[in-house]
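Next come the chains, spelled out residue by residue.
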Amino acid sequence: MKISFDNKNILVTGGARGLGEACARKLSKAGGSVAIADIDFDAACAAACRIKRAQAYRCDFGEPADIVKLHQQIRDDTQTGIDILINNAGIISYTKGLKGFDLEEWNRLIDVNLRGAFWTCREFAEDMQAKHYGKIINLSSMAARIGGIDVGIHYTVSKAGIIGLTRDLAKKLGPFGINVNAVAPGIMLTEPVKRHVAGREDDYISKIPLGRLGQPEDVANVILFLSSPLSDYITGCVLDVNGGMYMG
Amino acid sequence: MDLGIKGKVALVTGGNKGIGKSAALELAREGCSVAITGRNEADLAAAEKEIKGLGVKALAIAADMEKAAEVTQAVNRIYEALGRIDILFNNAGHSKPCTPIGSTDEDWTAQLNIHLMACVRTCRLIVPKMIEQKWGRIINMSSMYGILPGSGVTDYNAAKAAVINYTQSLAMEYSRFGICANAICPGLIHTEIWDKFADILAQDLGKTRQDVLDAAAERASSVKRYARPEEVGKVVAFLASECASYITGCAIQVDGGAIAGIEIKMISDWISAK
C-alpha cells in the first residue's frame, strides 16, 4: 500500500526515546518531516541525528508557556505548521500505595501527562484547522481501561483523562477535518518497563493471550496507521495494543 | 507502508459488493489471493474480474452464508483451489426493521444465523488450520450498533453485539497460536444496506432517501459525512497485516466519531422532528 507522509510535518512529543522515538523513526521512514520535542534536549538532538528529516526542540510539557513557545518555533521553522501530532510525552510512575507520593508528584505527573497533552492539542489544532486537515494521536494506556498493573494511581488517572480528552476533541474538531484518536498500549518493552519487569517476564507473558510482551514497534505501527489516510473515518476511538490483555 | 501480507490467501464473505468487495480489492492490492462468496452471481463475476485485474488469484463462489452446508462447500472449494486460508473476513450480512417486541422468532433466528452463526461456522472450519499454520487473521464484521444499539433494528443490534463477544472468545482461546481476531464496527458507510434503511425511514417519515442520509451524516458522525466503503476496506487490510500483530480481541470502530460524538439511537427521532 502506497502511503506517503511527504510534505507532512509531524510533531512527536517526548520523542527522544522509547515509544516516541520509534514513532518518529517510522513516520520519517514513510517520508514525513519530524519535530522531536523533549524535556531532555540533548537526547532529542541525538535522536534527531539518528532520524532523517528530524529537528530537535526543547519543551517541558508540564509548562504551558513552554508549549506555546514550541508552537511559535515550529511555525517559524515549518511555515505551514503541524499536520500530525503524536502526544506521547509523559511520566511513568510505579505504585507506592495511596500515600506513597506527595502533592507535588501528583501535580507534576498530571500536569505533564494530561494538561500537557491538552495544551499541545490546543496550540497545534490551530495549524490543522487552518488546513482543514489533521491527525492527533494521544497516548493513553491499558491502565486507563483496567486499572493500573504496578503503576501509580496518578498515572492511571492521567491516562483515563486522555480518553475523555480524545473523545471530546474528536467531537469538537471533527467538523474541521481533524481526526483525534488514542492508543492504549499494554506492557511495552521500553527501557523503564524492561527494568521494571526484569526477572518476572514469564509472569507477565502468562497473562497475555498473544504470548509475548509488546515492542515499541507494535505501537509505532498502529500510530502510523492512525496517522495515515487508511484511518480517515476513525475518530474518537481508543485502539488497544496489548496482545489481548484487555479486549475493548 | 508495507503491510507484509503478500502471498497470503484471504476469504471475504459477502465479497461481491459494498464493504466486502472494497476489502477484497485492498487485500488483492497487497498481493493476497482472494476468495469471495456472495449470493448474486453477476456481482460475483464482476468482483472476481476486478480482483484478477490486480494480478492476483481470485476465486468467486456463489454461496449463501446463512446455510451451513453451503459454508462448508465454499470453504472446502477454497482449500482445494488455493491450498490455505490465512485471512478470514466474515462480512456477509443484512438487516430489516425490528423493534424490541415486534419481531418473530424467525426474524431473530435469521439475524443470529447470518451474523453470528456464519462466523462460528467459518471459524470452525478454518481456525484449526490456522492453528496448524501458526498464523491467522480473523476480522468479523460487527457494527457501531454492536457497541451501542440503534433504534429500529433490535435483532441486528443484538446479533452484532454477539459477534464482538464471539470475536473476543476467539482471541482469548487462539491468540497464542499466532491468530489475531478482531471485530470491526463501522458507522455510516454509504452502501446498499444504508440506502435500503434510509428508504424505509424516508417512507415512514414522508422524506426522501437523501434527506435521511444527509440528516444521519449531520447528526450521527463527528466528521459530518458518510464513509466510502473503501475507507472500511483499508482498515480491514490493516487488521489483516503484520502491522496489527499486537492487536487482538478488539472492536475497532470506523464510525467517524459516532459513538464518541452522539447518541446514535437518536438518528430517527431527530429526523422525525425535523
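Please read all numbers here as calculations on a predicted model, not as lab measurements. Position numbers for residues count from 1 along each chain, tracking the sequence in the order it is written. Note on labels: chains are lettered from A, ligands numbered from 1, in written order. Per-residue local features of the predicted model are confined to residues with pLDDT of at least 70, and side-chain atom pairs are confined, for both listing and counting, to 80 or more; whole-chain, interface and lining totals are unaffected and use all residues. Only hydrogens and water are set aside when side-chain values are computed; all heavy atoms of the structure are taken into account.

## Details of the interface of chain B and chain A
It only takes one pair of heavy atoms within 4.5 Å for two residues to be counted as in contact. Across the contact, 41 residues belong to chain B and 36 residues belong to chain A. Taken together, both faces of the contact between chain B and chain A bury some 3300 Å²; the carbon and sulfur share is 65%. Any carboxyl oxygen of Asp or Glu within 4 Å of a side-chain nitrogen of Lys or Arg constitutes a salt bridge here. Viewed at the interface, chain A and chain B are joined by 0 salt bridges. Here a polar contact is taken to be a pair of N or O atoms separated by no more than 3.5 Å, where protein atoms must pair a possible hydrogen donor with a possible acceptor and residues adjacent in sequence count only if both atoms sit in side chains. Linking chain B to chain A there are 11 residue pairs in polar contact (both at pLDDT 80 or more). At the level of secondary structure, the elements contributing two or more residues to the side of chain B that touches chain A comprise α5 (154-174), β6 (179-186), α8 (229-239), β7 (251-254) and α9 (258-261) of chain B. Under the scheme used here, helices are H or I runs from DSSP no shorter than 4 residues and strands are E runs no shorter than 2 residues, and both carry numbers assigned from the N terminus. Of all the elements, α8 of chain B adds the most residues to the side of chain B that touches chain A, at 5 residues. The residue makeup of the side of chain B that touches chain A, split by class, is 22 nonpolar, 11 polar and 8 charged. A 1.4 Å probe defines the accessible area here, and the buried area is the portion of it lost by two parts on being joined, summed over both. Gly is put with the polar residues, along with every residue not named as nonpolar or charged; the nonpolar set is Ala, Val, Leu, Ile, Met, Phe, Trp, Tyr, Cys and Pro, and the charged set is Asp, Glu, Lys and Arg.

## Observations concerning the packing of helix α1 (residues 18-29) of chain B against helix α2 (residues 41-52) of chain B
Residues and elements named next belong to chain B. In this analysis, axes come from line fits to C-alpha atoms, helices being fitted only over the stretch in contact, and the angle between any two N-to-C directions falls in the range 0 to 180 degrees. Two numbers describe how α1 lies on α2: the axes approach to 9 Å, and their chain directions differ by 20 degrees. It follows that α1 is roughly parallel to α2 by the angle criterion. For α1 against α2, the interelement crossing comes out right-handed. Contacts from Lys21, Ala24, Leu25 and Ala28 of α1 reach α2 at Ala47, Glu50 and Ile51. Among the residues forming the contact of α1 with α2, the class breakdown is 5 nonpolar, no polar and 2 charged. Our angle categories are set so that under 35 degrees counts as roughly parallel, over 145 as roughly antiparallel, 65 to 115 as roughly perpendicular, and the remainder as oblique. Left-handed describes a crossing whose near helix is turned anticlockwise from the far helix by less than a right angle; the clockwise case is right-handed.

## Brief notes about the environment of glycine 15 of chain A
Residues and elements named next belong to chain A. By the element assignment, glycine 15 lies in the loop between β1 (9-13) and α1 (18-29). Through-space distance from the C-alpha of glycine 15 to that of tyrosine 57 is 9.8 Å; in sequence the pair is 42 residues apart. Those residues within four positions of glycine 15 in sequence are excluded, and the remaining contacts are Gly20, Glu21, Ile36, Ala37, Asp38, Ala47 and Asn88.

## Comments concerning helix α9 (residues 216-227) of chain A
Here a helix's expected span is defined as the number of its residues, less one, multiplied by 1.5 Å. If you check α9 of chain A, its first and last C-alpha atoms are 16 Å apart, about what 12 residues at 1.5 Å a residue would give, namely 16 Å. Each residue is placed in one exposure class: buried if its accessible area under a 1.4 Å probe, protein chains only, is under 20% of its type's maximum, exposed if it is over 50%, and partly exposed if it falls in between. Counting buried residues along α9 of chain A, 11 of its 12 residues qualify, which places the element largely inside the surrounding structure. Within α9 of chain A the residues assigned to the buried category are Pro216, Asp218, Val219, Ala220, Asn221, Val222, Ile223, Leu224, Phe225, Leu226 and Ser227 of chain A. Those residues of α9 of chain A that are buried lie in contact with α1, β4 (84-87), β5 (134-139), β6 (178-185) and β7 (238-241) of chain A together with α8 of chain B.

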